[in-house]
Each structure stands twice: as C-alpha cells, then as structure tokens.
Amino acid sequence: MQTIAAAISIGVILHVGNHLACDFPRLISSSNDKYKKLLKNDFGSPKPTYIDLVKGPEGVTGVLMVIFMAIAFTLATRWFRRNLIKLPKPFDRITGFNAFWYSHHLFVIVYVLLIIHGEFLYLVHIWYRRTTWMYLAVPVLLYAGERILRFFRSGFSTVRLLKVAIYPGGVLTLQMSKPPQFRYKSGQYMFVQCPAVSPFEWHPFSITSAPGDDYLSVHIRQLGDWTQALKRLFSEVCEPPVAGKSGLLRADEATKKSLPKLLIDGPYGAPAQDYSKYDVLLLVGLGIGATPFISILKDLLNNIVKMEEQADSVSDASKAADVSVASSNESTTPNRVPSKRKKTLKTTNAYFYWVTREQGSFDWFKGVMNEVAELDQRGVIEMHNYLTSVYEEGDARSALITMVQALNHAKNGVDIVSGTRVRTHFARPKWKNVLSKLSSKHCNARIGVFYCGAPVLAKELSKLCYELNQKGSTKFEFHKEHF
Ligand SMILES: Cc1cc2nc3c(=O)[nH]c(=O)nc-3n(C[C@H](O)[C@H](O)[C@H](O)COP(=O)(O)OP(=O)(O)OC[C@H]3O[C@@H](n4cnc5c(N)ncnc54)[C@H](O)[C@@H]3O)c2cc1C
C-alpha cells in the first residue's frame, strides 16, 4: 500500500510539475508566429495566459484531483489513521480509522474528474487516442465486481447469535451459527457488521472456531468507537455476572430470544492459514493477537483425534479380520482389510507462546487453554504464557509469586495466575533461546513461525529466523500479521 501511495505521489508531482513549470510557461512565452502555426487551433485566440490555462477544464479538474488525493493521503498516514495526532474538538473527527476509510472513497470523485480531464486533453483530437478511460476501465470493473460480490455475499450471511460472553479484560466473544455455504481454513478472518451499531461499518476479526466446529466464533477486544459500542450493546442484553464467574457477562439463545442481528462476510485469507504445510509450528501471539492461532490449535487437535480414531478403527477391523481367518481356516492367504486412505497430518508439534500485559486477559483465554490441555493427550502442543506486566523473571519480588505458583501447580496441577494447567512465566520470552532450542530439537525440520502482534517483535523474530537458517539444517519460515 505504501509503495503504491509513494508511486502515485511521485507520478502526480512529475505530471503536475511538468505542466505548471514547463508546458504552461513555454506556451505563454512562445512567439506569435509559432503559436499561430502550431497551437492556435488547440488553445484558441488570443493566446491564453497562465491563469487561463489553470482555469480551463484541464486545469480545474487537475487541481481538484490533487486536493482530493492530498486529503486522502494525509488522513491515511499513521499519525491520523491511528489517532497518534491529537486534535481539539471538532477537528478530532478527521483522525482515526473512519476518517481514513471515508476519505479514501474520494477516489470515486477523483476517477470521474480523471475521465473529464482525459476527455478535454489538448492536442489530441481522435477519441480513441484519448486513452485515459481505457486505463481506468479494468481496475474500475474489478473493484465494482468485488464490491457487488461482497454486497450479495454478506447480505445472505445473516447469522444467528448462539452465545455471547463479555470478559472483565474487555474482550467480547461471539458464537454464531455457521451458514451452510461458509467454508474456511484456520487462521482466516471474516468481516462482521452489526446494524444496531452502524449499518455501514464492516470490521475484520480472526475466526477462532475450528473448521470442524458446527458454529463460528470471534473474540473481539475493545479498542475504538465501534468495538466499544458493540460491547455496550451486548452488555445490555447479557445476564448479570453469576457468583464465582469473575464478572463474566453472558447471554445465549436459551436465555435471550432477541439478541442483536449480525452479518458476516468472508472468509478472507491470512498468513496463518498455510500452517499445515510445516513439520513444526511456532505460534507467537501478543495479547489479542492470539486469535488466529486459537483456531489453528483446535484444528490441529481435532485432526490428531480424527487420525487416531481412524487408526484405531483400522486396527480393530484388521484384528477382527484376523480372527475370522483363523476361525474359518478355509484359506492360507491372509484376509487383508482394504486399507482406508488415511489423511496424514504433516505437522507433528506446535509451540504456542502467548505474551500478554494484563492478567485480566487470562479470563477470556482460559477456556481455550483448558480445552487444548485436555484434548492434547499426546503432548503435541506446548503452551507458554508470558505475563509481562509483573516484575522480570529473577527479580526478588517475583520470586515469591513463582514459589507459590510452583507449589500450587505441583499440588493441584493448576497455575494460580492463569487458573489453567498451563504455567505462566513473568517476563518477556528470550526468543533467541526459544528458536535455538527448536532448531536443535527438530533437526532438518521445516518450522513455520507465525506471529501476530506489534511490528517491533516481528523484526526481531524475522531476523532470528534468518540467522538460524544460515547456521543449521532446520529451516524457519517467518510469517507475520498485524491487526
Ligand atoms: C485481518 C484482521 C484480523 C483481526 N482480528 C481481530 C481479532 O480477532 N480480534 C480483535 O479484537 N481485533 C481484530 N482485528 C482488529 C479489529 O478489526 C479492530 O480492532 C477493530 O476493527 C477496531 O474498530 P474500532 O472502530 O473499535 O476502533 P478504531 O479506533 O476505529 O480503530 C482502531 C484500529 O483498528 C483498525 N480498524 C478499525 N476499523 C477497521 C475496519 N473497518 N477494517 C479494518 N481495520 C479496522 C485500524 O487499524 C485502526 O487504526 C483484526 C484486524 C485485521 C485487519
């Protein structure tokens, strides 16, 4: 996107600069003879002034296009889009994602102006030599096609809300019915729209259910106006917290007949969806960045369970066949059971590192951690929680917590911080050690490193993968996603 924006800016500067600083001055300073002979037919008589040229249809459309593009460009910069710049009211409305999103739709006016600009082209008289519309036709058709497809697809996909839970850490979980035509891979995301919050806004969220589940789910962290409004809306329909449920608000089909309407559009591809082509997975999620990996972990476990069931049923059938051969004693050739085509899973191990700042986040993630720990009888998935808001590991103040935590874990098998069987560490993970260990443990393996979170860590992980690839036989492939 940034490359395209930079290319458009350079193109505009060269094009406009050429007209304003070169063509126009040359035209107005041309000798009368030359003007009459070469340019009069196109520019009329008397010879136009510089202002006349700027005020003509070519000039006006050109200036307007530059103004609209400058607005869209400015509001799309990180400062404005991510609210990094703080403006006083009412100018604060021109910062934030919505201002960026709506101002980018000025492109429709810019395209109309561009076609007019191309139609009033000087010096070119034959219509098919005025080629501007031809350059626009293909991208406009593609764009319109995609919008129409999305419009129809999303219109059909009204889903029924099955369950809602609002956790104290500010995360809202929505579980909804899965439309029959909706097929997706773990790691993918979809757009969600809630007409009661805004009839036009579609927001992307990673799908946290697994493809084998008969429902769809998303986990939504409160961030800006839309997610906060959504939480407010659902808080009103939720039941008050049940004693012992740590302030969790809930609602489901059984308790509430009329949950707000929700529309979905998707699924859309994301980097994590190709996880199944790797021998080993290293999944790293920061905070809410764990969401694409929840589905992957569940899918991995579902597939392992399925494969084990398949293997069991094949071995049971072959045992039964052997018994029948022995008892009938009619033939000496072993009666082979037709071997079922087993779907083999390439991924043998997954390591999941979840790093979060607030202990409150454990509430929404607890269910997932427990589910994974319970299903994972063969220890295929190794989970690590890192809580970074507490003192660094080794700090005297955290020593006490670590001791109590270790005692409780040994006694009850439950971590006191996360409330699950997964142990919590207090600090940032030492990524070099993590990757080096994986490299020596899984020699010659192809390890997919999937990261979802802030850009800073992406750089560090990508660099480490590169360095380790130069040294050993294990191959790390890095993929990242930022929300
Ligand atoms: C592929 C993808 C997957 C995501 N998955 C999750 C998830 O599983 N859980 C979760 O809590 N969040 C997820 N997000 C982020 C989520 O979309 C935003 O937090 C949410 O849209 C914020 O909206 P807002 O109006 O409340 O906040 P705002 O303050 O308006 O926006 C905050 C930031 O969110 C992003 N954003 C806002 N609106 C949109 C939009 N319509 N389309 C795209 N980006 C937008 C922008 O980067 C913006 O700077 C995902 C984002 C992407 C791109």
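Check the entry above for the structure.
Here goes a summary of the coordinates provided. This structure is a prediction, so every number in the text was calculated from the model and none was measured.

**Quick notes on the site of the ligand**
The environment of the ligand is made up of 21 residues, and the closest members are Trp202, His203, Pro204, Arg221 and Thr227. One of the backbone nitrogen or oxygen atoms of Gly224 is found 3.0 Å away from an oxygen atom of the ligand. Within the side chain of Thr227, a nitrogen or oxygen atom sits 2.5 Å from an oxygen atom of the ligand. Secondary-structure elements contributing two or more residues to the shell around the ligand are β5 (203–206), β6 (215–221) and α9 (225–237). Examining the composition of the shell around the ligand, we find that four residues originate from one element, β5, more than from any other. Of the residues that constitute the shell around the ligand, the class distribution is ten nonpolar, six polar and five charged.

**Quick word on the packing of helix α13 (residues 431–441) against helix α14 (residues 455–471)**
Between two packed helices, both the angle of their axes relative to each other and the distance between the axes serve to describe the pair. Two elements in contact, α13 and α14, have axes whose closest approach is 10 Å; the angle formed by their N-to-C orientations is 35 degrees. Considering the relative orientation of α13 and α14, their crossing is right-handed. Taken together, the residues of α14 that come into contact with α13 (itself represented by Trp431, Lys432, Leu435 and Ser436) are Leu457, Glu460, Leu461, Leu464, Cys465 and Leu468. Classifying every residue of the contact of α13 with α14 gives seven nonpolar, one polar and two charged.

**Regarding the packing of aromatic side chains**
Enumeration according to the criterion identifies 17 aromatic pairs in this entry. Each ring, one from Phe151 and one from Phe152, has its centre 5.4 Å from the other, and the planes form 80 degrees; the classification is edge-to-face. You can call Phe151 exposed: its relative accessible area is 59%. An angle of 70 degrees between the planes, with centres 6.2 Å apart, marks the rings of Phe293 and Phe352 as edge-to-face. Taken together, the residues span a long stretch of sequence, with Phe293 in helix α10 (residues 291–328) and Phe352 in strand β10 (residues 349–356) at a distance of 59 residues. Here the aromatic residues Phe97, Phe100 and Trp101 are joined through ring pairs into a cluster of three or more. One Lys or Arg, Arg81, reaches over the ring of Phe100 and ends 5.8 Å from the middle of that ring. Lying over the aromatic face of Phe191, Arg150 brings its terminal NZ or CZ to 4.5 Å of the ring centre.

**Looking at unusual backbone geometry**
Negative phi values dominate among residues other than glycine, just as trans dominates among peptide bonds. The amide bond that connects Lys89 to the next residue, Pro90, takes the cis arrangement and shows omega of 0 degrees. Structurally, the position occupied by Pro90 is in the loop between α5 (78–81) and α6 (97–104). Backbone torsion omega between Gly266 and Pro267 reads 0 degrees, so that peptide bond is classified as cis. Among the secondary structure elements, Pro267 is positioned in strand β8 (residues 262–268). Here the phi dihedral of Asn83 falls at roughly 60 degrees; this positive angle occurs in a residue that is not glycine. Mapped onto the elements of the fold, Asn83 is located in the loop between α5 and α6. Among the residues examined, Asn83 registers a relative accessible area of 35% and is labelled partly exposed. Positive phi, close to 70 degrees, is recorded for Leu123, a residue that is not glycine. Within the secondary structure, Leu123 is located in the loop between α7 (107–119) and α8 (132–156). The class for Leu123 is exposed, based on a relative accessible area of 51%.

**Let's talk about α14**
Helix length check: α14, at 17 residues, gives a terminal C-alpha distance of 25 Å against a target of 24 Å (1.5 Å per residue), a fit within 8%. For α14, the set of buried residues is Leu457, Ala458, Leu461, Leu464, Cys465 and Leu468. One side of α14 carries all its buried residues, which in axial view fall inside an arc of 135 degrees. In α14, the exposed positions that point more than 90 degrees away from the buried face belong to Val456, Lys459, Lys463, Tyr466 and Gln470. The inward-facing, buried residues of α14 abut β9 (280–286), α13, β13 (446–452) and β14 (475–481).

Quick notes on the rules
Residues numbered from 1 in each chain as written. Predicted model: local features only at pLDDT ≥ 70, side-chain atom pairs only at ≥ 80, totals over all residues. Heavy atoms only, no water. Near = heavy atom within 4 Å. Polar contact = N/O pair within 3.5 Å; in protein donor to acceptor, adjacent residues only side chain to side chain. Helix = DSSP H or I, 4+ residues; strand = E, 2+ residues; numbered from the N terminus. Nonpolar A, V, L, I, M, F, W, Y, C, P; charged D, E, K, R; others polar. Axes fitted to C-alpha atoms, helices over the stretch in contact; angles between N-to-C directions. Left-handed = near helix turned anticlockwise from the far one by under 90°. Contact = heavy atoms within 4.5 Å. Phe/Tyr/Trp six-rings, centres within 6.5 Å; stacked < 30°, edge-to-face > 60°. Buried < 20%, exposed > 50% of the residue type's maximum accessible area, 1.4 Å probe, protein only. Lys NZ or Arg CZ within 6 Å of the ring centre and 35° of its normal. Expected span 1.5 Å × (residues − 1). Arc of directions from axis to C-beta.

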